[in-house]
Protein chains: 2
Amino acid sequence: MKAVLGIDWGGTYIKAGVVNYRGKIEKKLTFTSKNLRQKEVFIQELKRLIKELKEFSISGVGIGAPGIVDTKKGFIYYLPNVRGWENYPLGRVLRKELKIPVFIDNDANMFALAESRFGAAKGLSPAICLTLGTGLGGAVVIDGELLNTEISAQELGHVPIALAGQKCACGSRGCIETYTGNKRLLRRYKQLKSTKHKNFDVEYIFQRALKGERAALIVWGEFSFHLGKFLSGMINLFNPKAIILGGGVSGAFKLFKPLVLKTIKENSMWPNLKGLKLLKAKLNNPGIIGSALLVKDKLASV
Amino acid sequence: MKAVLGIDWGGTYIKAGVVNYRGKIEKKLTFTSKNLRQKEVFIQELKRLIKELKEFSISGVGIGAPGIVDTKKGFIYYLPNVRGWENYPLGRVLRKELKIPVFIDNDANMFALAESRFGAAKGLSPAICLTLGTGLGGAVVIDGELLNTEISAQELGHVPIALAGQKCACGSRGCIETYTGNKRLLRRYKQLKSTKHKNFDVEYIFQRALKGERAALIVWGEFSFHLGKFLSGMINLFNPKAIILGGGVSGAFKLFKPLVLKTIKENSMWPNLKGLKLLKAKLNNPGIIGSALLVKDKLASV
């Protein structure tokens, strides 16, 4: 059977899976996630996996990396949350070590690719697919293809929605992800509750809001306004048929959906709203599936 | 000779020209610009032109309209500065009246198409081409093709850079064009000078700034910060090789270029800045040439 290995490389974990040519995961794999900052560990772990997977005749490896990548060369510029990988030619090194084709792109791009081909955005184009978590990642997909970028840009999280605003990890101020990231939500909730209590997460704020708690409702109200304002700009820009929201924060989708839609309607140009769908992401392992699709596409185009 | 008729339809004027297949204007034409709000006048005028141009054997008409258009159907949703054209099937009407192919897109898209093929962005992809005037229009062009949109979206001027901000003609607040439009610059200058003097334009503020006048320098400083902040988001999003600035306000390009670049460098993710060029638009009649290219492309793809 022909299959590819898809790697979803997060800031704090690595998920891997053997994916067949119909986009189904045949086998999920455990990746030792300790010492990810050490390139050697990462490379040796990958070698081990490929050996273990002989039965599958793996035709290539796709990696969704948590940072900025030159997608043509598989060259990593930097990974904001994993130090030690600056300016590293990972693609070249792996191709030599593994002796099979290796392709690297941005993790959020891989999420978007999977959701647009097999997930919530299937058949809907253009689609804007976003993961809402620590940051805001994602990509625009047109007719099933990622918006063409040599560098894995499409850094949607680093589009500003305010002239000043809070300092962002990227060095700028006012980036949308400083408004929608889960740290912001937790901090704002703490502030509103005047509490030093620390044992809560975004899911908790969601549950509190469902129960009608004022502070929690304010947090989600502000979140929705900020996200909606950002999306109105993206709607005016891309005229999408679908906006797909995934990632941890999208657990509160049913709560914030109507609020986000209200801001979108108030701020977008009306012809661009025709038939627009705001949907929750659907796939269980979009990062793995997307990385596999990357390989499939690249090998097909050779 | 095979040629097409390109129409650059602005809010207050219409320019037309016969364009050959190498993108050169063979003949410029005068279009009666009175009563543009009357559809009949527009259509009759176009009929007259086509008759006059028999010698050229016009193979199609391209129109860059100042508003939102369904580019597939040639259907006009609305033109912000020309009333009376809401929901009008101009393409269908013209094809029937003129009996030759007619294609309609957004005027700023046509500017971008021309600048990317024959102007300042030639050979540079992706390119973000902007016209700075009353508003901010433009488009992203990738490998010589407009970013795919069914509706002539790419309303770059209506991406917000502030959560609140001034009310925009589109109904939203904080759109970039409320910060860079010439009315804003004139109003701000007036405010800073505490003058009721009315006889000045953007060119005057440019000249005053060149002479070192404080108020004028502030106007251009603010303009550059706002434009640079917006562009940093677009750079993170599209990873362009070139940003092209045209339109009336770009007359001050040499003054504001270093200021805009400073803000861009401070706010963009560094891998996206590699090799980026900020250039002034180059063509004399990009609207006419772009509209002609639209026809050429569409006829070639049939």
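Note that this is a predicted model, so its numbers are computed, not measured.

Quick look at a positive patch on the surface
Phase 1: On the surface, a cluster of positive charge is contributed by Arg22(A), Lys24(A), Lys122(A) and Lys282(A).
Phase 2: Summarising the element assignment, Lys24(A) is placed in the loop between strand E2 (14-20) and strand E3 (25-30).

Quick notes on the confidence of the model for chain A
Phase 1: Of the residues in chain A, 97% reach a pLDDT of 70 or more, and the chain-wide mean stands at 92.
Phase 2: Across the whole predicted complex the pTM is 0.94, and at the interface the ipTM reaches 0.93.

Some words on helix H7 (residues 214-238) of chain B
Residues and elements named next belong to chain B.
Phase 1: With 25 residues, H7 should cover 36 Å at 1.5 Å per step; its first-to-last C-alpha distance of 35 Å lies within 8% of that length.
Phase 2: For H7, the buried fraction is high: 19 of the 25 residues fall into the buried class.
Phase 3: With its phi angle positive at about 50 degrees, Asn239 sits one or two positions after the end of H7.

Looking at the relation of the copies chain A and chain B
Superposition of the two copies of the chain requires a rotation about an axis together with a shift along that axis.
Phase 1: Turning chain A through 180 degrees and shifting it by 0.0 Å along the axis lays it on chain B, with an RMSD of 0.0 Å. Between the two chains, the operation in question is that of a two-fold axis.
Phase 2: Mapped onto chain B, 100% of the interface residues of chain A are again interface residues, and the two copies thus contact each other with one and the same surface.

Some details on the packing of aromatic side chains
Phase 1: Taken as a whole and judged by the stated rule, the model has 29 aromatic pairs over all chains.
Phase 2: Here Phe238(A) and Phe238(B) contribute two aromatic rings whose centre-to-centre distance is 5.6 Å and whose plane-to-plane angle is 50 degrees, an arrangement assigned as tilted. Placement of the pair is Phe238(A) in helix H7 (residues 214-238) and Phe238(B) in helix H7, with the two residues belonging to separate chains.
Phase 3: On the accessibility criterion, Phe238(A) (2% relative accessible area) is buried.
Phase 4: Counting every residue linked through ring pairs, the aromatic cluster contains Trp9(A), Phe42(A), Trp85(A) and Tyr88(A).
Phase 5: Stacked on the ring of Tyr88(A), the Lys or Arg Lys39(A) has its end atom at 4.9 Å from the ring centre.

With respect to the interface of chain A and chain B
Phase 1: The interface of chain A with chain B comprises 44 residues on the first partner and 44 residues on the second.
Phase 2: When the two sides are added together, the surface that chain A and chain B hide from each other amounts to roughly 3900 Å², 65% of it contributed by carbon and sulfur.
Phase 3: In this assembly, chain A and chain B are joined by zero salt bridges.
Phase 4: Summed over the shared surface of chain A and chain B, the result is 20 residue pairs in polar contact (both at pLDDT 80 or more).
Phase 5: Counting only elements with at least two residues in the side of chain A that touches chain B, the list comes to strand E6 (75-78), H7 and helix H8 (253-267) of chain A.

Considering the sheet that holds strand E11 (residues 242-246) of chain B
Residue and element names in this part refer to chain B.
Phase 1: Here we have five strands laid out as an open sheet, ordered E10-E9-E8-E11-E12, and mixed in their pairing. Both outer strands of the open sheet, strand E10 (145-146) and strand E12 (277-280), are each paired with one neighbouring strand and no more.
Phase 2: Pairing geometry for strand E9 (residues 136-142) and E10, over two bridges, is antiparallel. Each residue of the ladder has a partner; that of Ile142, found in E10, is Glu145.
Phase 3: Against the sheet, helix H3 (residues 107-118) touches strand E8 (127-132), E9, E10 and E11, its axis set at about 45 degrees to E9.
Phase 4: Set on the sheet, H7 makes contact with E8, E9 and E11; between it and E8 the angle comes to about 155 degrees.

Thoughts on the pattern of salt bridges
Residue and element names in this part refer to chain A.
Phase 1: Tallied over the full model, the rule gives 20 salt bridges over all chains.
Phase 2: With a closest N to O distance of 2.6 Å, Glu222 and Arg188 form a salt bridge. Of this pair, Glu222 sits in helix H7 while Arg188 is found in helix H5 (residues 182-193), placing the two residues 34 residues apart along the sequence.
Phase 3: Accessibility expressed as a relative area gives 23% for Arg188, which makes it partly exposed.
Phase 4: A single network of salt bridges, built from pairs that share partners, joins Glu45, Arg48 and Glu52.

Quick word on the sheet that holds strand E4 (residues 58-65) of chain A
All names here are of chain A.
Phase 1: One open sheet accounts for five strands, arranged E3-E2-E1-E4-E7; its pairing is mixed. The open sheet is flanked by E3 and strand E7 (102-106), the only strands paired with a single partner. With direction set aside, neighbouring strand axes in the sheet form an average angle of 20 degrees.
Phase 2: Pairing analysis gives five bridges linking E2 to E3, with the strands arranged antiparallel. Bridge pairing links Ala16 to Leu29 in E3.
Phase 3: Each of strand E1 (3-9), E4 and E7 is contacted by helix H3 (residues 107-117), which is oriented at about 95 degrees to E7, the strand it contacts most.

Observations regarding the pairing of strand E4 (residues 58-65) of chain B
Residue and element names in this part refer to chain B.
Phase 1: Counting buried residues along E4, eight of its eight residues qualify, which places the element largely inside the surrounding structure.
Phase 2: Here five bridges tie E4 to strand E7 (residues 102-106), and the two strands are oriented parallel to one another. Bridging across to E7, Ala65 finds its partner in Asn106.

Details of the domain arrangement of chain A
All names here are of chain A.
Phase 1: When the domains of chain A are assigned, the result is domain 1 (3-110 + 285-301) and domain 2 (123-280).
Phase 2: The gap between the C-alpha centroids of domain 1 and domain 2 is 27 Å.
Phase 3: On the side of domain 2, 13 residues touch domain 1, which itself brings 13 residues to the contact.
Phase 4: Summing both partners gives a buried area of about 910 Å² for domain 1 against domain 2, and 51% of it is carried by carbon and sulfur.
Phase 5: Counting the surface domain 1 buries against domain 2, the share from its top three residues, Ile68, Ala108 and Asn109, is 47%.
Phase 6: Remark: the boundary between domain 1 and domain 2 carries zero salt bridges.

The rules behind these values
- Residues numbered from 1 in each chain as written.
- Chains lettered and ligands numbered in written order.
- Predicted model: local features only at pLDDT ≥ 70, side-chain atom pairs only at ≥ 80, totals over all residues.
- Heavy atoms only, no water.
- Patch = residues over 30% accessible without salt bridge, like charges linked within 9 Å, V, L, I, M, F, W, Y side chains within 5 Å.
- Areas by Shrake-Rupley, 256 points an atom, 1.4 Å probe, with all protein chains shown as cover.
- Salt bridge = Lys/Arg side-chain N within 4 Å of Asp/Glu carboxyl O.
- Lys, Arg positive; Asp, Glu negative; His and termini not counted.
- Charge placed at Lys NZ, Arg CZ, Asp CG, Glu CD.
- Helix = DSSP H or I, 4+ residues; strand = E, 2+ residues; numbered from the N terminus.
- pLDDT = per-residue confidence, 0-100.
- Expected span 1.5 Å × (residues − 1).
- Buried < 20%, exposed > 50% of the residue type's maximum accessible area, 1.4 Å probe, protein only.
- Least-squares fit on C-alpha atoms with pLDDT ≥ 70 in both.
- Contact = heavy atoms within 4.5 Å.
- Phe/Tyr/Trp six-rings, centres within 6.5 Å; stacked < 30°, edge-to-face > 60°.
- Lys NZ or Arg CZ within 6 Å of the ring centre and 35° of its normal.
- Buried area = accessible area lost by both parts, 1.4 Å probe.
- Polar contact = N/O pair within 3.5 Å; in protein donor to acceptor, adjacent residues only side chain to side chain.
- Pairing = 2+ DSSP bridges.
- Axes fitted to C-alpha atoms, helices over the stretch in contact; angles between N-to-C directions.
- Domains from an automatic or database assignment.

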